[in-house]
Amino acid sequence: DGEEGDEKKKDRELKVGDVVLALWRPEADDWREVEIKDKKKDNTLFYVHWVDFNRRLDAWITRDRIDFETTREKLRERRERVHKWGDEFTHENHDDHEGLGEADLKEHEELTKVKNVNKIQFGRYIVETWYFSPLPREIWKQGDGVIDILYVCEFTLSFYRTKEELERHQKKITIRHPPGDEIYRNGDVSVFEIDGEKAKIWCQNLCYIAKMFLDHKYLYYDVDPFLFYVVCECDTQGFHVVGYFSKEKESANAFNLACILTLPQHQRKGYGKFIISFSYALSRIEQKLGSPEKPLSDLGKVSYESFWARKLLLMLQEIRQRKDPEDRMVSIQELADNTSFTLQDIKNTLDRLQILRYSQGSYYINVNPKTLEYHLAKCGGEGVPVDPSKIHWTPHLTSDRWFR
């Protein structure tokens, strides 16, 4: 009895905001630093943020995985070990919140610290969510419990609390594609353009779903100034949403993409690079240079850096093979004209690859075949390719009311 009482006493000492060690991978006896974000009244479950990791991995864990005897000395030893040796599993990235003031960041983290939906059923997939999403009040409101599975119609993007409601809805629907114009079809891959002003509820619901997998976007209600480009896989059953990007109808900063998401069940299939490539294909039709809106999510940043690097390295490889030395001269402006990348994105990419040199007042690109091959190997594949000849789209004429 004495030992049990001691355990309960230790339990009661933990409060929201405390930082302790917890078991990350039991099979490896791997203890990690966590911050307690919430807890059950009976102290059996604790909602924790793994300090080394992105918030998408925040989760409820049982009390037997927590070291209730964590001391400052233990935490210091853990931090020194990470500082000295690095950590192959550290993925925390604060760029998700770049540009947010301290007060805004604190409010954002307080409001979204605990996920309100554990999983969504989307078509034939059940997908575990990563983050809180501010769903419509008729579905979830502050004070409600966590929804274990939220049922989503993959065609209308309507939300349902029970499977029976979803099945009743599915018997009635006749439209099995996004509510917009199909502007691209190549094999079983389609892209639809949807106007946020004309299909407001559908686009808002898409944003609510996206927020379950993105930690930094605030686009939920104000969808009118945006166009949504939704990528689908099509079969005899209909058009199944794979991912999307949104774009301001008129961007004062020349952004060609506001938000990008490939749904988790379709990640690692090459769709991320397809979406990025498609956004630049539209920029080329507009005869403009484009860049994504910042900040990018951690996964978005990795995808863009890989995409920019691969495209530029392949161009440099081709230029390097030209026989005439004069033809091997290239300016950053020429690279921009050929890719629709902004000058800044090109310069940043070449800097990151450490192949841009500066000498006697001018820049030059210093590459050899081995360097090119080394960097190209790290960029991964092309992804699902975009065939520009299959795009049927003309740029939109917009009015000053979209400048914000």
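What counts and how
Residues numbered from 1 in each chain as written. Predicted model: local features only at pLDDT ≥ 70, side-chain atom pairs only at ≥ 80, totals over all residues. Heavy atoms only, no water. Salt bridge = Lys/Arg side-chain N within 4 Å of Asp/Glu carboxyl O. Buried < 20%, exposed > 50% of the residue type's maximum accessible area, 1.4 Å probe, protein only. Pairing = 2+ DSSP bridges. Helix = DSSP H or I, 4+ residues; strand = E, 2+ residues; numbered from the N terminus. pLDDT = per-residue confidence, 0-100. Contact = heavy atoms within 4.5 Å. Axes fitted to C-alpha atoms, helices over the stretch in contact; angles between N-to-C directions. Left-handed = near helix turned anticlockwise from the far one by under 90°. Core = buried A, V, L, I, M, F, W, Y, C linked by side-chain atoms within 4.5 Å.

## Points about the pattern of salt bridges
Working step 1: Taken as a whole and judged by the stated rule, the model has 17 salt bridges.
Working step 2: Lys141 is the partner of Asp144 in a salt bridge, and the nearest nitrogen-oxygen pair spans 3.8 Å.
Working step 3: Given a relative accessible area of 28%, Asp144 falls into the partly exposed group.
Working step 4: On the basis of relative accessibility, which here comes to 36%, the residue Lys141 falls in the partly exposed class.
Working step 5: Note that Glu182 and Arg185 form a salt bridge whose closest N and O atoms lie 2.5 Å from each other.
Working step 6: With relative accessibility at 39%, the residue Arg185 sits in the partly exposed group.
Working step 7: One connected set of salt bridges, linked through shared partners, spans Asp195, Glu197 and Lys249.

## Regarding the sheet that holds strand E8 (residues 147-152)
Working step 1: Ordered by their spatial adjacency, 4 strands build an open sheet running E7-E6-E8-E9, and the pairing between neighbours is mixed. Only two strands of the sheet have a single partner each, and these edge strands are strand E7 (125-128) and strand E9 (159-160).
Working step 2: Across 5 bridges, the pairing between strand E6 (residues 117-122) and E8 is parallel. Across the sheet, Gln121 pairs through a bridge with Tyr151, a residue of E8.

## Observations concerning the confidence of the model for the protein
Working step 1: Mean pLDDT over the protein stands at 85; residues scoring 70 or higher make up 85%.
Working step 2: Within the model, the stretch residues 4-10 combines pLDDT values under 50 with 3 contacts to residues more than four positions away or in other chains.
Working step 3: Across residues 86-100, confidence stays below pLDDT 50; counting only partners more than four residues off in sequence or on other chains, it has 36 contacts.

## Structural notes on the packing of helix H6 (residues 271-286) against helix H7 (residues 298-320)
Working step 1: In contact at an axis separation of 10 Å, H6 and H7 are set at 60 degrees when each is read in the N-to-C sense. When you trace H6 past H7, the crossing you get is right-handed. Residues Lys273, Ile276, Ser277, Ser279 and Tyr280 of H6 touch H7, and the partners they reach there are Ser303, Tyr304, Ser306, Phe307 and Trp308.

## Quick word on the side chain of Ser340
Working step 1: By the element assignment, Ser340 lies in the loop between helix H8 (332-339) and helix H9 (343-352).
Working step 2: The exposure class assigned to Ser340 is buried, which follows from its relative accessible area of 4%.
Working step 3: Contact partners of Ser340, with chain neighbours within four places excluded, come to Tyr280, Ser283, Arg284, Lys288, Leu289 and Gly290.

## Structural notes on unusual backbone geometry
Working step 1: In this structure, Pro295 follows Lys294 across a cis peptide bond, with omega equal to 0 degrees.
Working step 2: Along the chain, the position of Pro295 falls in the loop between strand E16 (291-292) and H7.
Working step 3: For Asn43, which is not a glycine, the phi torsion comes out positive at approximately 60 degrees.
Working step 4: In this fold, Asn43 is placed in the loop between strand E2 (30-39) and strand E3 (45-50).
Working step 5: Phi is positive for Gln360, close to 50 degrees, though the residue is something other than glycine.

## Examining the nonpolar core
In globular proteins that are soluble, nonpolar side chains generally tend to be buried together.
Working step 1: Grouped together as the largest cluster of nonpolar side chains are 44 residues, with contacts concentrated most on Phe274 and Phe278.
Working step 2: Among the elements that make up this core, the one with the highest residue count is H7 (9 residues).
Working step 3: Among residues more than four places away in sequence, those in contact with Phe274 are Tyr184, Val189, Val191, Val231, Val384, Pro385 and Val386.
Working step 4: By size, the runner-up hydrophobic cluster in this structure holds 41 residues, among which are Phe122, Phe132, Leu157 and Ala258.

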